[in-house]
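# Results of the structural survey
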Amino acid sequence: MLRCHVVAVRIPGATGFGPGVLLSVCFRGVPRRTRVVPEERSLTWNEELVWPLDSCPLSATDTLSLRLRRWECPLPQGDLGATTVSLDKLVADPSLPMAVRDIPLLDHRERPTGCTVTFHCYCDPHGAAGDVPVTVTVPTAHAQVALQPPGVAPEDSKEDFQVRVRVIRGRQLRGKDIRPVVKVQIGRRNFHTRSRSGNNPYFNEVFCQNFHQTLEQLVAQPIQIQVLRSPNICTKPVIGVFELDIGTIYSAPGRSLSGKWLSLQHPRHRDGRCQGLLQVSLLLRRAGERAQEQEVPAGDEDVEGNLLRAAPCGTALQIRVFRAQDLPRAEPARPCLGGAAGSAKVSVRVGFAGRTLCTRGVSPGASPEWNEVLFFPLRLPPICDEIVLEILRGSCPSKVLGRATLRLSQISRDPDELEEGTPGCSPTFGPSFLPFYGPRPDSARDSGPVYQGRLLLELCTHAGSPPGRQRGAVAPVDAERAQGCLPRCRLGLCGVFYSATMVPGGAEPLRLELGIGSAAAATAHALPAFDGNLYYYLPWFGDKPVAAVTSVWEDAGHRWDSLNLLRALCQRLEKNLAELQSHHGDTAGDIGARLLQELAQDCTDALRCLEAQPALTALDRQLRGARRFLLRLLLRRLRGAAGAGPGAGPGAAAALGAAARAWLRSAAALAVEPQAGVPDVQLWLLRGQQRVASARVPATDVLHSPRGPGACGHLCGRILTLFLGCGDIQAQVRVQLWLGRVAESGDLARLLGGTLRFYSETYENQARLLGKWGPRTLLGRPAFSDGSGRAAPPPEQTRPPKGWRWDGPWSVERPRRVLPRPEPAVSAMLEELYENQSRDPGGNWSPAEGVAVPPKEEVACPQGWRVTSDWHVDMEGAVDEEGWQYGVGTEDGSPPAAWHSRGQPWHTLRRRRWLRVRHSDTDSGTREQESDTPSDTLQDPEELWEDEAWQPECFWGCAFQPKVPAGPRCRRRRWHRRLVPAEPPPVAPLFLLEGVPDTEDPAWDNPAVAPQLSEGSSPTPLPQQPPFILCTFQRPTRFQLRCYIFQALDLAPGSTRTSFDATAHVSLVWRSQRTRAVRGDPDPRWEQTLLLPRVPLFGDPRGVREQPPAVVAEVRDQRGQGPGALLGRCVCTPRVWLDAAQRELPRLRPHALRGPRGPAGELLAAFELLQEPEDGSPAPLAPPPLGKDGFGFPPELRPRMQRVTLEVLAWGLRGLRGAVREPRLELQWAGQSLWTPPLRDIATNPNFPSSALALTLALPEEEPLVPPLRLRLWHGAGPGRRLLGQASVRALGRYRCPPPRREQLLGSGSGAHTVVAMPDELLSQPGPSSLWKRCCSRFLATAPARMAQDLLSFLRNNGAEDEDEEEEEEERDWWSKFYASMEDKDPQPPWGTNRDRVKIYGCELEAVPEFEGLQDFCQTFPLYKPGRAPLPGQDPEPVGSFKGLFRIYPEPEEPGAAPPPRCFQRLPPREPQQCLVRVYVVRASGLSPRDVTGLSDPYVRVSLGRRTLGQRDQYVPNTLEPVFGRMFELTATIPLEKDLRVTIMDHDKVPPDAEIGSTTIDLEDRLLSQCRAHCGLPTLYHTAGPACWRDQLCPSRALELLSARRGLPAPLFNAAGTALSLGGHRFELGHFERGHPPSQHPGAPRERLALHVLNLCELVPEHLETRSLRSSARPGLEQGKVQMWVDIFPTSLGPPGPPFNIDPRKAEGYELRCVVWRVRDTDLGDVNLLGQRMSDIYVSGWLDGLPEQRQQTDIHYRSLDGSGAFNWRFVFPFEFLAAEKLCAIRRKEHVWSLDQTLLKVPPKLILQVWDNDKFKADDLLGVLELELTRLPRPARSARLCSLPWFSRAPARSPLNLFRRRRARGWWPCTVQEDSGQRLSGKLELSLELLTAQEAEERPVGKGREEPNKHPMLPEPR
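On a predicted model such as this, the values are computed, not experimentally measured, just so you know.

What counts and how
For every chain, the first residue of the written sequence is number 1, and numbering continues from 1 onward in sequence order. Two thresholds apply to this predicted model, a pLDDT of at least 70 for residue-level local features and 80 or more for giving and counting side-chain atom pairs, whereas whole-chain, interface and lining totals are computed over all residues. Water and hydrogen atoms play no part in the side-chain values, which are based on all heavy atoms of the structure. Helix and strand labels come from DSSP, where a helix needs a run of H or I of at least four residues and a strand needs a run of E of at least two; each type is numbered from the N terminus. Partly exposed residues are those whose accessible area sits between 20% and 50% of the maximum for their type, while under 20% is buried and over 50% is exposed, using a 1.4 Å probe and protein chains only. Cavity: a set of points on a 1 Å grid over the protein atoms alone where a 1.4 Å probe fits but cannot get out. Pocket: an open set with protein on both sides within 12 Å along at least five of seven lines, its lining residues, like those of a cavity, having an atom within 4 Å of a point. Grid points are joined across faces, edges and corners, and a volume is the space filled by probe spheres set on the points. Note on residue classes: Ala, Val, Leu, Ile, Met, Phe, Trp, Tyr, Cys and Pro are nonpolar, Asp, Glu, Lys and Arg are charged, and everything else, Gly too, is polar. Ring pairs shown here join Phe, Tyr and Trp side chains whose ring centres sit within 6.5 Å, with only the six-membered ring taken for Trp; geometry is labelled stacked below 30 degrees between planes, edge-to-face above 60, and tilted in between. By definition here, charges over rings are those cases where NZ of Lys or CZ of Arg is within 6 Å of the ring centre and within 35 degrees of the ring normal. Between N-to-C directions, angles span 0 to 180 degrees; the directions come from axes that are lines fitted to C-alpha atoms, helices contributing only their stretch in contact. We call two directions roughly parallel when the angle between them is under 35 degrees, roughly antiparallel when it is over 145, roughly perpendicular when it lies between 65 and 115, and oblique otherwise. Each crossing gets its handedness from the near helix: less than a right angle anticlockwise from the far helix is left-handed, clockwise is right-handed. Every residue pair with non-hydrogen atoms within 4.5 Å of one another is taken to be in contact. Pairing between strands requires that DSSP locate at least two bridges from one strand to the other. A side-chain nitrogen of Lys or Arg and a carboxyl oxygen of Asp or Glu constitute a salt bridge if their distance falls within 4 Å.

### Considering unusual backbone geometry
Residue Gly430 is joined to Pro431 through a cis peptide bond whose omega torsion reads 10°. Turning to its location among the elements, Pro431 is positioned in strand E26 (residues 429-438). Of the consecutive residues Ile1534 and Pro1535, the connecting peptide bond is found in the cis state with omega at 20°. With respect to the secondary-structure elements, Pro1535 resides in the loop between strand E78 (1523-1534) and strand E79 (1539-1546). Positive phi, close to 60°, is recorded for Met502, a residue that is not glycine. The residue Met502 is located in strand E29 (residues 488-503) in this model. Overall, Met502 belongs to the buried group, its relative accessible area being 6%.

Structure below.
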């Protein structure tokens, strides 16, 4: 699988508003999209996109196309840029992630847009998504096919999800005097809100439902929202309903729909008028993903802009299942439960988008028919991409015969992902056959899925909802149409097997079977032979077995040709594009011209094919139309580019390359063909009757086409390297495949390269009795048999097939013996010696001291060799005129890290290399170069028994062996006879020999053979075996393989042992060698060259260069005898050189090793294959120097070394389990070790006594070649020590830094200060958000005072508010600062305003980028149990952790240079510190419910060490968003008690309480962090009040300590404390403050100025962090969030300041007085006796949420004009939360409720005008709802009071009655009708709002009761 991890995007011009942005990534035409996030300048996605690779793994032509665009904005308006990234680096090394950072995006004119993208790509060949039966790696460049383990049969991977629905408010609900209730159905569970009153109710209730399902099942789950008229069970008429599925939420931006308005429809009239609006927020949480915060939106949001449209008319997906072919034969049915055996019926099961449908069962057979159609609902664009089809046999549990997957991304196209203007298409398929694959019963368990039949299908899409039924019958006309859609043709499959190695050993013969579909052919049996090192192979030599088979399939040549032509176009374009990017200048212009010319030719060829292509299906027509449009568009652009001529500037090649990448992306998106119809080519390895391993190759890749090479498959006729087996390789086979029509196979013999020969064979068997051999004593066994022992006719009864004749007599074949013999590996060797000299104090050179070796004159030539070239100085490489190399010696006597070609005065050593060449005496032609048998390593056959034609064996039935057993009892010999066609056939003759030969002529062909045969032949006619085919090559081409094995990195042990003896094995064809064993080193360094000379490769040498054979390198644990345990394996491709004179020096590169349990490290090596001369002369390239263990490593290939210093801050060990005695840590790097001192008493101090360690050593300069740093934790010391845990630290480049330096930093007036400073990039790494601070601080420090004052004035004026806006709340407690910070959407710099604010982070403090995870001082490295690596998917539990940090920097080469100072010098105390910890828990949100009511009773529990705080009785009842306002104070000893755990519990009446979620904080990281995370810095300095300074150090002292820590001089203040100088900059208090001090208790100017400067230093501010809550029951699913912060105060620094008081605010009492003066123009609902319309009017009113306070006026009888006077006062007391602008209502929900529930609703007055009736219910005449915080401005008179007047209210700012306190005027009453709102009356009101104290001082009566004042209400007239 290909995984793309989208990290971040940068958009310079982002405004923070708009619909949001998303990133679309397209791979092979399959688009994937990220979630939509708000548009910001720096976006962080951290989202992973996945593509299954199927049978087409990564190749060099693959690219990723990225497009950044705005959500719901059409292209090109919403386009923010696009780019294409090649995956060649990932293809080169799939084990390493490909990191792409800040890649620029381009517009449609290839110009940069300024946007950049950062992402990582991973290749997971073992991942499975849906149905990935097997993964076959086909690198196009080298035609190498590597089989990987198959994906597990698609077990549905279930995940944890949570759906949250927040019902916020309703608006304009239909009905009169309603008490609406919202019913929410999520999946199968129902929820109900509380009942409310009025047509605009406010709910704000949350419902949650958890799911444990697959994503496909989840997105199909429904969500139904109903609004009921009343909570009464008996009468629940539905006002309106809205339906959607969870897939709508999943595909929404951020998987969230926040504040959306739903248009409610009548359940029986869905197309009718809107029944009202309901505002909801929908959120989907997925395990492992961080949930976004959802806030309750404001009430004035745009309804039309946030309206969630109902799902459009549904789309139905119809899948027609017609019939199957080639199903395997059914097993005999067994009786079930004592009954008779029934037939196992066959059915088809289809799964899509969480729904599964199954056809009826039909009788089993080879071609069962169903003719059924299945209906699935489909939403466009589709969320689920896979349609999984399975063929079942039997009843429950059914047996899955085969499985196939249709991907909608391949049978449909989104036009947004194609070239501009290219038409898209909806999902469609067939009618066409779809192959199915599944396990085979007679194969090995891990052999992989094979072809199990195919199914005739048709898939189409129709608009409209699917019918009520889920399946139906296919019309006979459609079934007949589908049966004869394509003509049929006979295809021939041919395979020439060049070699088979790494096969299983043993006495049982092996053979290979090649097949397609149900047709297959096998090679002859062969016994595996040992290669003398490790592996077994099949000894075929120059006679290569051939397998040929024919079968009949539908002729879809038009589809195959167009597909291969497009693939060829993409491959050649990719090749030319890569060449264009690697050249510059005039050469690039020529390459560009060739690219345009070849692309135009390829487009013309493909377009010509498409013009003649028939369109038999809808998908054919859609694909053909899209391809023709694209090719014509490319041709027009190519003509325009060619007409413009080659560009002369350097940007012309870049512009052409960018355009070519876009063309390649568009063409690759259409180079797919789901309707190929032909199954994959299958290759099997058979041992006896058991199928051991298999491999599959797509048939379209090896198809031959008469249109030419471009229309052929890219693997057709090429030699492939196939690896058979899953997990562990069972065989490596080099085979040449060809598949095509039999009628077009006339030129096949010319393509194969060898000579085809056809033979018929039989084996004559004899047994020995009483010392005599004969056929009479076989005891019922056949006298003649085939290779497996089955009876066969004797030669005289064997007839040639029809159309064939014998060519020569029967003859006995002489068996070939393969016996290894020791012989020199090469005929020439290079010997070397180094002459070393050192410089004495006088500057003269003299012989160096060291281990002496004999002089070169005394080195003798070994026996059997002769010296052909005397000693001479090596003048190649980096040497001077005399061959010397110079370097600097070290004190320990180790060689210099680097050698230089020019001598310098400080160089103390020099050396030069002496060489000579010697040749073997046996290379003068004694070898048999012309023989097919490789005589250089194999011994000639010897007289092993009496007659060499016989093969003996001890017992009958055992395999015949070429060994001499003691007393053989059975023997056999092989007879064969050649066959030739009777007449030259028009097709390839090998396709005429399929099956048993047809022998119509019984005549004896050659009686002369009879005397040679045994007399015991049976006259009974027996079935003849098919002839076998050989492809004979006269002479192979000899090559020499050179394997430069340098080192293995980060090996993973294959067993529970902690050390191993590593050996590297290399295999090519049937030759292999091994290196020496390196003992006990996890990063073994061999530095050895393995030479495999005279490797025979058959075929054209140019074909070997184009298709190099694969080199398999394995690293094994060679402890003891045998092959050893496999640690890791990699498949490498050597560089082939046919002419050694053109050879280029290879380079070391890492090759990923994969072991039995996954990734197993890397192998640093290089491989090259050189052709040897055909005349047998020595190779022109001399071998590397010979050492005692073999050939050495060439010096020119060694990596360039650099001497570096590793500094280690070993701070301590944490979390060790069990009784550990004196643990110590070993740091091992590049063979050297550092040991920390042991911890004597870890229980009292887990920090090491000495922390700073250093190690100097030589390492490669290239980062990929640097070995990892290993951490090993030991228990105890001495011989009895035990390894407890270990870890490996890779990617050490992040710890590299320049050497520390001594620098001069000038203070202000106090001279120079010499300090040791860390490098700048390690001092602070400010994030993007700090750019404004840095710019302003630099400006404030350097600008004149007047200019700074002008800047501050501008900042203040820019942030000034309107007069009508609400004034800032007075800071009377901590909550004032909190709510003010919540309202600041775009906070200004702190020095721009005089307001105190707290920084609210939406994540954990550790997740803030600029604070580096609070691990800037030391990092935490988990240590794991030693031994075998965990299985994939397992998360091992660490045994402890190491806290420390590393720094790596180069050492100076000059000998006189002073060593750089150490990095880790100023360290905090190592002893544990007593600390006072204050934990402030403010509130929680989005908690998961734990009670049956859908709510929880949360309370807080804080644990640190052994102490736990938090009382059960301090819970907040019945809420999911509690406000705690709790502060916990604890004392702790850090680091002994460092993990603070904050848990939110659910209070239950009966303990134990359930845990909702918890979060853990590492207090040690915060205490040690250089970001000063132990106590956040406030914005302003206060000496008293609610925001009093609480830190132990005053700001000036904190600034002094910070300056010393960062290597700066101490700050210098002036006498008044209003200015300071620091680091050459001057800061003044006037730069930050203007006028009076910003607070009531400002403190001294010195401290205020120091605090302002500290706020510029990237330190942690006073903050509130939002932490995710996790639960062990659902570990990956977030259970809510908690907002909190922690203060840590070491007791050694003195007492801290007073803590903050964050007790929750209590609601304040208010009283609303509403006087109803008059009513005008109300509706007249009754008719009097005179026929006049009239009404008996009265007014009722109440506050929303307080229906029990409902009051009403007296009745104004018989109003004839709709007017009435009341002079009536309503009095409504209530409680109000001013900061939240909500009313607080506490009540018990039910009679049996024990706790009151706190409801928060907006303060809204509801007034209703009624018509009083005597004998029936009163009639509602009108409704008026007034929200007190957003009160519409009233009209001054009744004439002006109208709906248009109030519709213009948003243009005029509304009133806040809590500020104005009084309002009087006319407001309109409305009534809901079918046509909408209608004016039904006018009310004259006066509203007055008083506090509870004011109401007590000015009491009034209700109505006109006493006291009737303020104002006095007279009786109406």
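### Examining empty space enclosed by the protein
Left-over empty space is what a probe sized like a water molecule reveals as it rolls over the atoms. Tallying each qualifying case throughout the model produces 15 cavities of 30 Å³ or more. In this structure, the second largest cavity encloses a volume near 120 Å³. Taken together, 15 residues make up the lining of the second largest cavity; nearest its centre are Tyr498, Ser499, Lys544, Val1069 and Trp1070. Those elements that provide at least two residues to the lining of the second largest cavity are E29 and strand E56 (1085-1097). For the lining of the second largest cavity, the element with the most residues is E29, which contributes three residues. Across the lining of the second largest cavity, the residue classes tally to twelve nonpolar, one polar and two charged.

### As for the packing of aromatic side chains
One pair of aromatic rings is described through two measures. These are the centre distance and the angle between the planes. Tallying each qualifying case throughout the model produces 37 aromatic pairs. When the ring of Phe1378 is compared with that of Tyr1379, the centres are 5.1 Å apart and the planes differ by 65°; the resulting orientation is edge-to-face. The same class applies to Phe1378 and to Tyr1379, which are both buried. Clustering of aromatic rings is evident, with ring pairs tying together Trp1374, Trp1375, Phe1378, Tyr1379, Tyr1480, Trp1685 and Phe1700. One cation-aromatic arrangement involves Arg454 over Phe433; the distance from NZ or CZ to the ring centre is 3.9 Å.

### A closer look at the packing of helix H17 (residues 1595-1605) against helix H18 (residues 1645-1654)
Remark: H17 packs on H18, axes separated minimally by 7 Å, with the N-to-C direction vectors making an angle of 45°. By the angle between their axes, H17 is oblique relative to H18. For H17 against H18, the interelement crossing comes out left-handed. Within the contact between the two elements, H17 uses Pro1595, Ser1596, Ala1598, Leu1599, Glu1600 and Leu1602 and H18 uses Arg1646, Glu1647, Ala1650, Leu1651, Val1653 and Leu1654. Split into classes, the residues belonging to the contact of H17 with H18 amount to eight nonpolar, one polar and three charged.

### Comments concerning the sheet that holds strand E85 (residues 1681-1690)
Adjacent strands of a sheet form backbone hydrogen bonds with each other and so pair up, either parallel or antiparallel. Overall, mixed pairing links the five strands, which are arranged E72-E84-E85-E75-E78 in an open sheet. This sheet does not close on itself; its edge strands, each paired only once, are strand E72 (1399-1400) and E78.

### What to know about the pattern of salt bridges
Enumeration over the complete set of coordinates arrives at 88 salt bridges. With its nearest N and O atoms 3.4 Å apart, the salt bridge here joins Glu205 to Arg194. Pair noted here: Glu205 is in strand E14 (residues 202-213) and Arg194 is in the loop between strand E13 (189-192) and E14, with a separation of eleven residues, a long-range link. Classification of Arg194 as buried rests on a relative accessible area of 17%. With its nearest N and O atoms 3.2 Å apart, the salt bridge here joins Asp605 to Arg608. With Asp605 and Arg608 both in helix H7 (residues 586-611) and three residues apart, the pair spans about one turn of that helix. By relative accessible area, Asp605 is classed as partly exposed at 26%.

Note that every value here comes from positions in space, so none of it alone points to a role or purpose.
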